[in-house]
Amino acid sequence: MKIIGTKENNVNFVLYTSFNPKLFLPIGNYVNWKLQNNWDDYNELFHSLNYIENLKQTEGIWFEIHTIEKNNEIKGVLTIVGGHINQLEVDDNIENKNTILLKYFHIIEKGKSYGSYWLNSVIIPYYFNKGIEKIYINSSHPQSFNFYNKIGNEIKTFTKKSDNHLYERVCKTFLVSANSET
């Protein structure tokens with residue numbers, strides 16, 4: 001665990017290089033909200049935990065878990081994946097060198113500008129300063145599309161079915177490049 005940034009009101013931005021399922025509490029919170037609001041039947045918590053387990057067993061892949069912690073409670077999480085990422089994505093245009101994936105980005109306390117600040121002032125500068133040149137973001141959350149368009153460029157739109165094939169999910173891929181940093 002390493003604190004890589006802070007914000008007022010006891011908010012810390014923390015980096016973990018090993019995985020503990022409790023780090024994904026914000027994802028569980030989101031899945032619970034979706035169930036209560038009849039949103040869809042895609043279980044991000046199940047998929048994110050499986051994703052991490054698969055990453056652990058994939059040669060040439062590394063991952064880091066970032067959290068927002070306020071008063072020692074996890075309020076947000078995102079996963080960064082690097083290495084031979086072309087093994088993980090369907091898009092053949094993804095390059096391994098100096099490229100990472102941003103996956104499973106969830107914040108419990110919405111509307112406090114944590115997400116925008118976190119990505120623009122902590123995560124993106126942290127990785128660009130380490131020599132990363134491209135960050136790919138996949139999202140299937142329509143409410144987040146405008147947010148990602150503000151920090152990167154939409155490069156792909158596709159659809160996929162939810163877990164029980166009850167819903168058609170619109171998905172988008174965004175690219176944030178070091179040479180077009182906002």
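Residues numbered from 1 in each chain as written. Predicted model: local features only at pLDDT ≥ 70, side-chain atom pairs only at ≥ 80, totals over all residues. Heavy atoms only, no water.

**Student:** Summarise the overall build of the protein; cite the residues concerned and give the values.
**Tutor:** In terms of helices and strands, the protein carries four helices and eight strands. Order of helices (α) and strands (β) in the protein, N terminus to C terminus: β-β-α-α-β-β-β-α-β-α-β-β. Here the protein has a C-alpha radius of gyration of 16 Å; the compact-globule value for 182 residues is 16 Å, and the two agree. In terms of overall dimensions, the protein has C-alpha extents of about 40 × 40 × 35 Å along its principal axes. Per-residue burial over the protein gives 48% buried out of 182 residues. (Helix = DSSP H or I, 4+ residues; strand = E, 2+ residues; numbered from the N terminus. Rg over C-alpha atoms; globule rule 2.2 N^0.38 Å. Buried < 20%, exposed > 50% of the residue type's maximum accessible area, 1.4 Å probe, protein only.)

**Student:** Give a description of the sheet that holds strand S7 (residues 153-161) that names residues and reports values.
**Tutor:** In space, the eight strands of this open sheet follow the order S1-S2-S3-S4-S5-S6-S8-S7, with mixed pairing throughout. The sheet terminates laterally at strand S1 (2-7) and S7, the two strands that pair on one side only. In this sheet, neighbouring strand axes are inclined to one another by 20 degrees on average, regardless of whether the strands run parallel or antiparallel. For S1 and strand S2 (residues 11-16), the ladder comprises five bridges, and the chain directions are antiparallel. Note on S2: the bridge partner recorded for Thr6 is Asn12. Sheet contacts for helix H1 (residues 25-36): strand S4 (73-83), strand S5 (99-107) and strand S8 (168-177); angle to S4, the most-contacted strand, approximately 110 degrees. (Pairing = 2+ DSSP bridges. Axes fitted to C-alpha atoms, helices over the stretch in contact; angles between N-to-C directions. Contact = heavy atoms within 4.5 Å.)

**Student:** Requested: an account of the nonpolar core, with residues and values cited.
**Tutor:** Residues Trp118, Leu119 and Ile135 are the most contacted members of the largest nonpolar core, which totals 27 residues. Contributing elements (two or more residues each) for this core: S2, S4, S5, helix H3 (114-129), strand S6 (134-139), helix H4 (145-151) and S8. Ignoring any residue separated from it by four or fewer positions in sequence, one finds Leu119 in contact with Leu78, Leu102, Phe105, Ile124, Pro125, Phe147, Tyr148 and Ile151. Core analysis: the next-biggest nonpolar cluster, separate from the first, contains 22 residues, Tyr42, Ile52, Phe63 and Tyr104 among them. (Core = buried A, V, L, I, M, F, W, Y, C linked by side-chain atoms within 4.5 Å.)

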